[in-house]
Amino acid sequence: MTDTPSLVRRTPWPESASRPVGTPIQPSVVYASPDPDTLDAQYDGQVAGYTYAREGHPNADVLARKIDAMEGAEGGIVLGSGMAAVTAVLMGVCKAGDHVLGGDQIYGRSLRLMREDLPRLSVATSVADPTDAAAFEAAIRPETRLILLEVVSNPTLRVADIAGIAALAKARGILLAIDNTFTTPRGFQPFAHGADIVIHSVTKILAGHSDATLGYVAARDPGLRKAIYDFAVTTGMTASPFDCWLAERGLYSFELRYDRAEQNAVALAAHLAGLPGITRVLYPTRADHPDHNRAINLLGTRGGHMVSFEIAGGREAANRLTRAAPNIAFAPTLGDIGTTLSHPASSSHRGLGAEGRAALGISEGFFRVSVGVEDIGLLCREFETAIAASQRR
Ligand SMILES: *Cc1c(COP(=O)(O)O)cnc(C)c1O
């Protein structure tokens, strides 16, 4: 009697002379090596090979190599979220006694990490206005180890003085980390502007379809990369292979989506500026933007896919606006293929309180639009209808 094959054992993958055109998904947690010598050689980096998915897997690497190519980076690491990437940088690099200096309008959870968590571990933190290099200079301390910036701020779209702050960091041997989520490598390449570390929330427009939560980090210096990688692996910040697969699929169309969304953003900003009931429109490359000159110098024509605006009439008018725009998702995210609308006073910036928001110019009538790739005529009509409805009481 011949043994029936055990159902418990894996059946070899069927052979095929032709290759799949699509990227495979590899969910395996472990990889079997032929013998201990080979395993040793893998761990020593002498032969290529995966061992355990928390330490790395093919779908994360396929995605990372693509983002590396856009950022001019080597050995970038894909992690389970944008916040995993921010955390791996700050905690993988800093030690007790160090000081971290951040932009005062960086992503809310990055600010929280700086305000609540790092001080518990005896890493001091503070923030300064990144549009003002002199304010940054004044905030630098002898123990400042790292500066964390975003190029374009959320939601008022202020443009940081990257050149000024990068020069300060370089002169003092301080690491410069730039979260490039808003600008994307299509709009801005931090390594070409003096950054030591680049961070992304891949969740946003890189993946682009609001169905994968992922982050990315790359460091110019291999020692720095290793410190960040080891912290991420030890603390289990691993990305899901399926999410990586979705994000890589999203990247096939990233350039097309970004360019179209940006064109739409320019046109929508111009249209909004002419509508009754609109009190302010913010878009970095517009002539009326407070950082217009810096935006042009830093970004050229690449103003990005985010537009902010303010309507008259406060919270009541804001409620009427979102109700009158049922096809534009009112959701606190950005970078989706479709246009989404967020209201910072009730979401991302609610924790600041009315006074804190007023200092940044965020009123109850303030909205941020993540512009999508829809037909621009349709978008302009939808916004026009919603804004008109917001002004009728
Ligand atoms: C969304 C976002 C993050 C956090 O990314 P997650 O993937 O949501 O964890 C960090 N920085 C910026 C600028 C973001 O927009």
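Since this is a predicted model, take the numbers as computed values, not measurements.

Visitor: Could you clarify how one ought to interpret the overall build of the chain in this entry?
Guide: Looking only at helices and strands, one finds 14 helices and 12 strands in the chain. Projected onto its principal axes, the C-alpha coordinates of the chain cover approximately 85 × 55 × 35 Å. Sorting the 393 residues of the chain into buried and exposed places 50% on the buried side. Sequence-distant contacts, at least 24 apart, represent 71% of the contacts inside the chain between residues at least 6 apart. For the chain, the computed accessible surface area is about 18700 Å², with 54% contributed by carbon and sulfur atoms.

Visitor: Quick question: what am I supposed to make of helix α10 (residues 254-273) here?
Guide: Every α-helical turn comprises 3.6 residues, leaving residues that sit three or four positions apart pointing alike. Compared with the 28 Å implied by 1.5 Å per residue over 20 residues, the 28 Å span of α10 between its first and last C-alpha is a close match. Taken residue by residue, α10 has F254, R257, Y258, A261, E262, N264, A265, L268, A269 and L272 as its buried positions.

Visitor: Explanation requested: the pattern of salt bridges in the structure shown.
Guide: Any two side chains of opposite charge can pair, given that their charged atoms come close. In the structure shown here, the tally under the stated rule is 16 salt bridges. Between D230 and K226 there is a salt bridge, with its nearest N and O atoms 2.5 Å apart. Of the two residues, D230 and K226 both sit in helix α8 (residues 222-234), 4 residues apart, roughly one turn of that helix. A salt bridge links R294 to D291; its shortest N-O distance comes to 3.8 Å.

Visitor: What am I meant to see in the site of the ligand here?
Guide: Around the ligand, the neighbouring residues are S81, G82, M83, Y107, E150, D179, T181, S201, T203, K204, L214 and L334. A distance of 2.6 Å separates a nitrogen atom of the ligand from a polar atom in the side chain of D179. T203 is positioned such that a nitrogen or oxygen atom in its side chain is 2.6 Å from an oxygen atom of the ligand. Contact with the protein chains hides 92% of the accessible area of the ligand, taken as 380 Å² for the molecule alone. For the shell around the ligand, the per-class residue count stands at 4 nonpolar, 5 polar and 3 charged.

Visitor: Hey, could you run me through the domain arrangement of the chain in this one?
Guide: Accessible area lost on assembly of the parts is the figure often given for the size of an interface. Domain boundaries assigned for the chain yield domain 1 (36-251) and domain 2 (254-390). Computed from C-alpha coordinates alone, the two centres of domain 1 and domain 2 are separated by 26 Å. Interface area, domain 1 with domain 2, both sides summed: about 2800 Å², of which 62% is carbon and sulfur. When the buried surface of domain 1 facing domain 2 is broken down by residue, L157, R186 and I205 rank first, second and third, together holding 26% of it. Inspection of the domain 1/domain 2 interface yields 3 salt bridges. In this structure, the salt-bridge partner of D259 is R186, at a minimum N-O distance of 2.8 Å. Inspection of the domain 1/domain 2 interface yields 17 residue pairs in polar contact (both at pLDDT 80 or more). Tallying contributions element by element places helix α7 (residues 184-187) first for the side of domain 1 that touches domain 2, with 3 residues. Partitioning the side of domain 1 that touches domain 2 into residue classes produces 14 nonpolar, 12 polar and 4 charged.

Visitor: How do you make sense of a nonpolar patch on the surface when you look at a structure like this?
Guide: A cluster of nonpolar side chains, contributed by V29, V30 and Y52, occupies part of the molecular surface with about 260 Å² of accessible area. With respect to the secondary-structure elements, V30 resides in the segment before α1 (36-43).

Visitor: How should I be thinking about the packing of helix α3 (residues 82-93) against helix α4 (residues 108-117) in this particular structure?
Guide: For any two helices packed against each other, the geometry comes down to the angle between their axes and how far apart the axes lie. Packing of α3 against α4 leaves a shortest axis separation of 10 Å and a crossing angle of 30 degrees. With respect to α4, the element α3 is oriented roughly parallel. In the packing of α3 onto α4, the handedness of the crossing is right-handed. Mapping the contact onto sequence places M83, V86, T87 and L90 in α3 and R109, S110, L113 and M114 in α4. Taken together, the residues that form the contact of α3 with α4 break down as 5 nonpolar, 2 polar and 1 charged.

Thresholds, definitions, all that
- Residues numbered from 1 in each chain as written.
- Predicted model: local features only at pLDDT ≥ 70, side-chain atom pairs only at ≥ 80, totals over all residues.
- Heavy atoms only, no water.
- Helix = DSSP H or I, 4+ residues; strand = E, 2+ residues; numbered from the N terminus.
- Buried < 20%, exposed > 50% of the residue type's maximum accessible area, 1.4 Å probe, protein only.
- Contact = heavy atoms within 4.5 Å.
- Areas by Shrake-Rupley, 256 points an atom, 1.4 Å probe, with all protein chains shown as cover.
- Expected span 1.5 Å × (residues − 1).
- Salt bridge = Lys/Arg side-chain N within 4 Å of Asp/Glu carboxyl O.
- Near = heavy atom within 4 Å.
- Polar contact = N/O pair within 3.5 Å; in protein donor to acceptor, adjacent residues only side chain to side chain.
- Nonpolar A, V, L, I, M, F, W, Y, C, P; charged D, E, K, R; others polar.
- Domains from an automatic or database assignment.
- Buried area = accessible area lost by both parts, 1.4 Å probe.
- Patch = residues over 30% accessible without salt bridge, like charges linked within 9 Å, V, L, I, M, F, W, Y side chains within 5 Å.
- Axes fitted to C-alpha atoms, helices over the stretch in contact; angles between N-to-C directions.
- Parallel < 35°, antiparallel > 145°, perpendicular 65-115°, else oblique.
- Left-handed = near helix turned anticlockwise from the far one by under 90°.

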